[in-house]
Amino acid sequence: MKKITNKIGLSILLMGLSYNTLASSDHIKLLKQVESKVIDWRRDIHQNPELGNREVRTAALVAKHLKSLGMQVETGIAYTGVVGFLKGAKPGPTVMLRADMDALPVTEKTDLPFKSTKMTNYQGVDVGIMHACGHDTHVAMLMGAAEVLSSMQGELAGNVMFVFQPAEEGAPEGEEGGAELMLKQGIFDRYQPDVAFGLHITSKLNVGQIGYRSGPTMASADRFEITVTGEQTHGSTPWAGADPIAAAAQIVSGVNHIVSRQIDITKEPAIVSFGKISGGVRNNIIPEEVNMIGTIRNFDMENRQQIFDKITHTAEHTAKASGNKAKVVIKEGYPVTVNDPLLTEKMLPSLAKVVGESGLINMPKVTGAEDFSFYAMEVPGLFVFLGGTPKDTHPKDAPSNHSPYFFADESAFKLGTRALTEFTLDYLSQSN
């Protein structure tokens, strides 16, 4: 990780000199006024988590708040999504701010007084529901930013689109969801944003730090399944059939050579990992079929397609060489999350105002995925990481996102709320 240079200090000064009426508005005071509300909203949402495409209570809370602020509100998008539209007093561009609302099938093990005790049956297993990835904080912070910005409506030279999105962690089996479905249902066609901003709280940074990266930032995430079909026979006479287990082992080896030997990784890194291999029922029976599933992570959309093609080619031909057949199914997931380089450079001074230059961290690439990527494929986007680990705890010692012990320090919320607000005010002021 690298800290930004002192050039940002000059950028902040120059930007400050160009401010118009927004420079005189007291949004810092407004931010302080909503700080306790953001904490209360977050605690309430944390105690009442909902899985993807089922965020009914959360969506109702959000919609009620946005309507109370007097803005145009649309509900029921992509099942439970909510969009609030704040029209500024003066013409200008439209800024989109996004928060995800869904929780995870994780049984919470923290000792928070507002911990979740909700349970569900997920894929046949009784399990708890927990905001183990901090989406509850995202919702609360964006609700806070909405209140601040709506109070400044008369000063805004442009508009703000508040997107509260379901199912970022993935839709239930057999359903569509998330950013891709919201776009398919026309939110960008109706509101026509010029840029998109988002943030994610993370245990990998301390409170008072904001991580950013220009260009490819988070990986694409795709699932593959390979079914190898042979001919069942007795284990004592393998020549009497076709062994799909042996073929599967060769396929694993061949597929692992794709990234290391067939993809130009000087362009961008990539990962192919097998997560499960299953086949057979008895020690002395060579089965008819073996099934393998895995994940593909990558930072370049051209490389992504090459990896898809080479997995299929490798599996089919390796299986054929030993008298088996292989069927490959690749399910495309989230694309690469790319932060627009020009927008990133333009908005760094805004982040520096929130945490200071020393608090800005140039992050390494993240092999996790985000469906904010779909928005950033449509308009210039910037997605940043908000430190949520207490200052007296080293991030390596903090429970990670998706852990049943995940914890987000409440002192970080005011910084996230301000970052969303500064993004909006600065972008609108610089565009007019």
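What you see is a predicted model; the values in this text were computed from it and never measured.

Now for the sheet that holds strand E13 (residues 270-278). Reading across the sheet, the 4 strands line up as E13-E15-E11-E16 and stay open at both edges, with antiparallel pairing between neighbours. Of all the strands in the sheet, just E13 and strand E16 (325-334) have a single pairing partner and so form its edges. Averaged over neighbouring strand pairs, the angle between their axes works out to 20° when direction is ignored. Contacts between helix H7 (residues 244-262) and the sheet are confined to strand E11 (220-229), E13, strand E15 (289-298) and E16, with E13 contributing the most and set at about 165° to the helix. Docked against the sheet, helix H8 (residues 301-321) engages E11, E13, E15 and E16, running at close to 165° with respect to E16.

By the element assignment, Thr318 lies in helix H8. We classify Thr318 as buried; its relative accessible area is 18%. Residues Thr318 and Gln185, spaced 133 residues apart in sequence, show a C-alpha to C-alpha distance of 42 Å. Ignoring anything within four residues of it in the chain, the contact list for Thr318 reads Ala247, Gln250 and Ile251. Polar side-chain contacts of Thr318 include one of 2.6 Å to the backbone oxygen of Thr314.

This part is about the domain arrangement of the chain. The domain boundaries assigned to the chain delineate domain 1 (25-218 + 336-430) and domain 2 (220-334). Each of domain 1 and domain 2 was reduced to a C-alpha centroid, and the two centroids are 37 Å apart. Listed as interface residues are 18 residues of domain 1 and, on the opposing side, 12 residues of domain 2. Carbon and sulfur atoms make up 69% of the surface buried where domain 1 meets domain 2, a total of about 1,100 Å² over both sides. Of all the secondary-structure elements, those providing two or more residues to the side of domain 1 that touches domain 2 are strand E10 (215-218) and helix H10 (372-376). For the side of domain 1 that touches domain 2, the class distribution of residues is 8 nonpolar, 5 polar and 5 charged.

All right, on to the packing of helix H2 (residues 27-47) against helix H3 (residues 56-68) then. At a closest axis distance of 10 Å, the pairing of H2 and H3 adopts a crossing angle of 155°. The angle between the axes of H2 and H3 places the two elements in the roughly antiparallel class. Relative to H3, H2 is oriented so that their crossing is right-handed. Mapping the contact onto sequence places Trp41, Asp44 and Ile45 in H2 and Arg57, Thr58, Leu61 and His65 in H3. Within the contact of H2 with H3, the residues separate by chemical class into 3 nonpolar, 2 polar and 2 charged.

Attention shifts here to the nonpolar core. Within the largest apolar cluster, 66 residues are counted, with the highest numbers of intra-cluster contacts made by Leu97, Phe162, Phe164, Phe197 and Ile210. Looking at this core, the element that brings in the most residues is helix H4 (residues 135-151), giving 9 residues. Not counting chain neighbours up to four residues away, the residues in contact with Ile210 comprise Leu205, Leu351, Val354, Val355, Gly359, Leu360, Ile361, Val384, Phe385, Leu386 and Ala419. Residues Ala78, Met161, Ile187 and Ile361 belong to the second largest nonpolar core, which totals 28 residues.

Parameters at a glance
Residues numbered from 1 in each chain as written. Predicted model: local features only at pLDDT ≥ 70, side-chain atom pairs only at ≥ 80, totals over all residues. Heavy atoms only, no water. Pairing = 2+ DSSP bridges. Helix = DSSP H or I, 4+ residues; strand = E, 2+ residues; numbered from the N terminus. Axes fitted to C-alpha atoms, helices over the stretch in contact; angles between N-to-C directions. Contact = heavy atoms within 4.5 Å. Buried < 20%, exposed > 50% of the residue type's maximum accessible area, 1.4 Å probe, protein only. Polar contact = N/O pair within 3.5 Å; in protein donor to acceptor, adjacent residues only side chain to side chain. Domains from an automatic or database assignment. Buried area = accessible area lost by both parts, 1.4 Å probe. Nonpolar A, V, L, I, M, F, W, Y, C, P; charged D, E, K, R; others polar. Parallel < 35°, antiparallel > 145°, perpendicular 65-115°, else oblique. Left-handed = near helix turned anticlockwise from the far one by under 90°. Core = buried A, V, L, I, M, F, W, Y, C linked by side-chain atoms within 4.5 Å.

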